[in-house]
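This is what each chain is made of:
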Amino acid sequence: MEKEAKIALLKERAKELRKTALTMIYEANSGHPGGSLSAADLMAALYFDELRLNPENPRWEDRDRFVLSKGHVCPILYSALALRGFFPYETIHTLRKYGSILQGHPDMKRCPGVDISTGSLGQGISCAVGMAIAYKRDKKDARVFAMLGDGETNEGQVWEAVEAAVKYGLDNLVIIVDNNGLQNDGACADIMPTQDLCDKFKSFGCRTFCIDGHDMEQIVGVFEKIRMESGCCKPFAIVAKTVKGKGVSFMENVVKWHGVAPNDDEYKMAMAELEVGLK
Amino acid sequence: MKALRDGFGDEIIELGRENSKIYVIDCDIGKSCKTQPFAKELPEQYLNVGIAEQNAAGVGAGLATCGKIPFVCTYAAFGSMRMCEQIRQEMCYPMLNVKIACSHGGLTPANDGASHQCIEDIGIMRTLPNMTVIAPGDYYATRKLVKEATKIYGPVYLRFTRDAIPFVYDENEEFEIGKAKQLKSGNDVTIIASGSVLHLAVQAAEQLEAEGVSVRLIDMHTIKPLDKEIVRKALEETGAVITVEDHNIINGLGSAVCEVAAELGKGRVKRMGVQDQFGESGPYYKLLEKNGVTAELIAEAAKGAVSNG
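These lines cover the structure that appears in this document, whether it is placed above or below. Counting starts from 1 at the beginning of each chain's written sequence and moves along it residue by residue. Whichever chain is written first is A, and whichever ligand is written first is 1; the rest continue in order. For a predicted model such as this one, the threshold for reporting local features is a pLDDT of at least 70, and the threshold for listing and counting side-chain atom pairs is 80 or more; totals across whole chains, interfaces and linings nevertheless cover every residue. Only heavy atoms go into the side-chain values, all of them from the structure, while hydrogens and water stay out.

**Quick look at the overall build of chain B**
Item 1. Strands are runs of DSSP state E lasting at least 2 residues, helices are runs of H or I lasting at least 4, and numbering of each runs from the N terminus. A tally of helices and strands in chain B yields 13 helices and 12 strands.
Item 2. Note that the radius of gyration is over C-alpha atoms, with the globule rule given as 2.2 Å times the number of residues to the power 0.38. Against the compact-globule benchmark of 19 Å for 309 residues, chain B has a radius of gyration of 19 Å, which places it among compact chains.
Item 3. Considering only C-alpha atoms, chain B reaches an extent of 60 × 35 × 35 Å along its principal axes.
Item 4. Only protein chains enter the area calculation, which uses a 1.4 Å probe; residues under 20% of their type maximum are buried, those over 50% are exposed, and those in between are partly exposed. Looking at chain B residue by residue over its 309 residues, the buried ones come to 63%.
Item 5. To measure how exposed things are, a 1.4 Å probe is used in the Shrake-Rupley method; for residues, cover is taken only from the protein chains shown. Element-wise, carbon and sulfur atoms account for 47% of the exposed surface of chain B, whose accessible area totals about 11100 Å².
Item 6. In chain B, the 33 positive side-chain charges and the 41 negative ones have mean positions that sit 2 Å from each other. Counted as positive: Lys and Arg. Counted as negative: Asp and Glu. His and the chain ends are not counted at all. Taken as the charge location is NZ of Lys, CZ of Arg, CG of Asp or CD of Glu.

**Structural notes on the packing of aromatic side chains**
Item 1. Pairs were defined over the aromatic rings of Phe, Tyr and Trp, the Trp ring being its six-membered one, requiring ring centres within 6.5 Å. Orientation was assigned from the angle between planes: stacked under 30 degrees, edge-to-face over 60, tilted for the rest. By the definition in use, this model includes 14 aromatic pairs over all chains.
Item 2. Ring geometry for Phe 145 of chain A and Phe 223 of chain A: centres 6.0 Å apart, planes at 80°, overall edge-to-face. Here Phe 145 of chain A is found in strand S2 (residues 144–149), whereas its partner Phe 223 of chain A is found in helix H9 (residues 216–228), with 78 residues between them in sequence. For the pair Phe 145 of chain A and Phe 223 of chain A, a shared accessibility class is recorded, and that class is buried.
Item 3. Ring centres of Tyr 284 of chain B and Tyr 285 of chain B lie 5.3 Å apart, and the angle between their planes is 55°; on these two criteria the pair is classed as tilted.
Item 4. Sitting over the ring of Phe 175 of chain B, Lys 181 of chain B keeps its end group 4.7 Å from the ring centre. When the NZ atom of lysine or the CZ atom of arginine is within 6 Å of a ring's centre and also within 35 degrees of its normal, the charge is said to sit over that ring.

**Some thoughts on the sheet that holds strand S1 (residues 22–26) of chain B**
Residue and element names in this part refer to chain B.
Item 1. Following DSSP output, two strands are said to pair if at least two bridges run between them. Spatial ordering of the open sheet is given by S2-S1-S3-S4-S6-S5-S10, a layout of 7 strands whose pairing is mixed. Every other strand in the sheet has two partners, leaving strand S2 (46–48) and strand S10 (222–224) as the edge strands with one partner each. Taking the axes of each pair of neighbouring strands and ignoring which way they run, one obtains an average angle of 20° across the sheet.
Item 2. In this structure, strand S5 (residues 132–134) lies alongside S10, joined through 2 bridges in antiparallel fashion. Residue pairing across strands places Ile 134 opposite Thr 222, the latter belonging to S10. Note on definitions: angles span 0 to 180 degrees between N-to-C directions of axes, and those axes are lines fitted to C-alpha atoms, for helices only across the stretch in contact.

**A short note on the side chain of Glu 11 of chain B**
Item 1. With respect to the secondary-structure elements, Glu 11 of chain B resides in helix H1 (residues 4–18).
Item 2. In this view, Glu 11 of chain B contacts Arg 143, Val 146 and Lys 147 of chain B; residues no more than four positions away in its chain are not counted. Throughout, a residue-residue contact means that at least one pair of heavy atoms, one from each residue, lies within 4.5 Å.

**Some words on helix H6 (residues 156–167) of chain A**
All names here are of chain A.
Item 1. Helix length check: H6 (12 residues) gives 17 Å between terminal C-alpha atoms against 16 Å at 1.5 Å per residue, within 8%.
Item 2. For H6, the full list of buried residues reads Gln 157, Val 158, Trp 159, Glu 160, Ala 161, Val 162, Ala 164 and Ala 165.
Item 3. Looking one or two residues past H6, Gly 169 carries a phi angle of roughly 55°, positive in sign. The span you would expect from a helix comes to 1.5 Å times its residue count less one.

**Focus: the pattern of salt bridges**
All names here are of chain B.
Item 1. Salt bridge, as used here: a side-chain nitrogen of Lys or Arg that lies within 4 Å of a carboxyl oxygen of Asp or Glu. With the rule as written, the count across this model stands at 33 salt bridges over all chains.
Item 2. Two residues, Arg 232 and Glu 236, come together in a salt bridge whose shortest N-O distance is 2.5 Å. Residue Arg 232 and its partner Glu 236 are located together in helix H10 (residues 228–238), separated by 4 residues, close to a single helical turn.
Item 3. Exposure remark for Arg 232: the relative accessible area of 26% places this residue in the partly exposed category.
Item 4. Taken together, the salt bridges that share partners define one network made up of Glu 229, Arg 232, Glu 236 and Lys 266.

**Let's talk about the interface of chain A and chain B**
Item 1. On the chain B side, the residues contacting the 29 residues of chain A number 27 residues.
Item 2. Defined in terms of a 1.4 Å probe, buried area is the accessible area two parts forfeit on being brought together, summed over both. Note on chain A versus chain B: buried area summed over both sides is about 2200 Å², and carbon and sulfur give 50% of it.
Item 3. It is Gln 123, Arg 137 and Glu 160 of chain A in chain A that bury the most area against chain B; as a group they hold 26% of the surface buried on that side.
Item 4. The tally of links from chain A across to chain B stands at 1 salt bridge.
Item 5. N or O atoms within 3.5 Å of each other form a polar contact, as long as, within protein, one can give a hydrogen and the other can take it, and as long as residues adjacent in sequence are counted only when both atoms are side-chain atoms. At the boundary of chain A and chain B, one finds 17 residue pairs in polar contact (both at pLDDT 80 or more).
Item 6. Where the side of chain A that touches chain B is concerned, the elements lending two or more residues are helix H5 (124–137) and H6 of chain A.
Item 7. Here the element with the most residues in the side of chain A that touches chain B is H5 of chain A; it accounts for 10 residues.
Item 8. Classification used: nonpolar for Ala, Val, Leu, Ile, Met, Phe, Trp, Tyr, Cys and Pro, charged for Asp, Glu, Lys and Arg, polar for all others including Gly. For the side of chain A that touches chain B, a count of residues per class yields 11 nonpolar, 10 polar and 8 charged.

See below:
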């Protein structure tokens, strides 16, 4: 596919992801819209372009794996899985409901396409390291992608995992940080300053890229570069500068929208804005 | 005399040779966990992630999702507490096939003092859904139960101790996870022991037999799932049960047995073990004695239970 056409398509997918995620959260009357929306463009590029998956066979042994280490934004993951056909689209209406495969945080035992159960921050990345080691030792060419929040990097375990990824030369691991600058209680700068995450990942020994996490050309471009650099014996880190709540004007950069659902009016306004797409 | 951790080291290398899915993950205490021969001979199945237990747990879970059977190795204090939530979230909740193999359980890292001793692990681990908890009673039991742990799918917490202790079994003894071993039959009183104090219970039982007391002796090597049937029989047939463990008397073997007794509404239980206090530096048997765990005191407790019966 021509690059321009691909970018246009992925932007369209990102729009669908945002609408689906917001609908899920609205209907469940609970969930985490802010971080779901900030991750939407990255997720669109991953699930509709970069990841090697087989929705018919979610446990395919040679698949690329995706670890949502910031598990609370699972509505955006569920939206991607639904739109890729891992389960019927209508399932989105069951988020957080009794008996649903779409638990409040991802459950690998219930939900097809979820590669590891997450929700407790800082842990998913360690699991991703384990998966990447297994793939390397089994001489598989599949890769592992782990998405983290910037607030999540407060957890010391994240850095334990990064050290191990570097030690074992995991160039089949791509760590993506959704660097939206806000966490549960406020701005990262106030709650626990992360300092420069690009510098941090670089100094730990990762091949690090800093991009605009809403610029689809940059997102696709960085994944291309990473593919070309496979064999560099270093884990990759993408620090993606994003805006929490991206795509819904009244949610953008507002701490409150970390973990609350929109009411009826807010939902209608948000969907109207999302329909237009990112400016 | 041989240490339980040696049983683990000797067995894991054999298992690793036979099955390339068996992995060992160390946290910079591989020498103490007796995994270094494995590391040397099977480097492709070995990882050392440094002093980072939380990450070790997650890496183990990740490996397990790819079909490996990882043994995460550390000391009991760190294995049950430093990485407790990782075990819960990434092993027990998703029911992944990871084994936690911990040396230095109980008071056995005796000289190291309280920071390195662990009297809480069994209680913590048995609270976790999907977890199996095993405390072998000697070197041979350790070898067999480590092997058995690889045959069941799901998380298993294996608790070993540091110092050499007497043999109770020989190499031909077979073990089944969840099925306790009755080592002596008797009808006056039952002693149920687990872990590295099993040999003290054996000595107590021998002393009691010599004095004409009909004592039943049970090795409860699996704390969870508990062999409730053998406990029920002991309570019904002998009336009194003495539990012996190198663990806090709260939440360990003794508590597990009390739960059965309370629900059954029959029999009496006397718990012997660490008296809800931290350890300290000193000789192992001195520390046990301070907590009232000696062969003589076990025998005395058993006789007391009989005369009260």
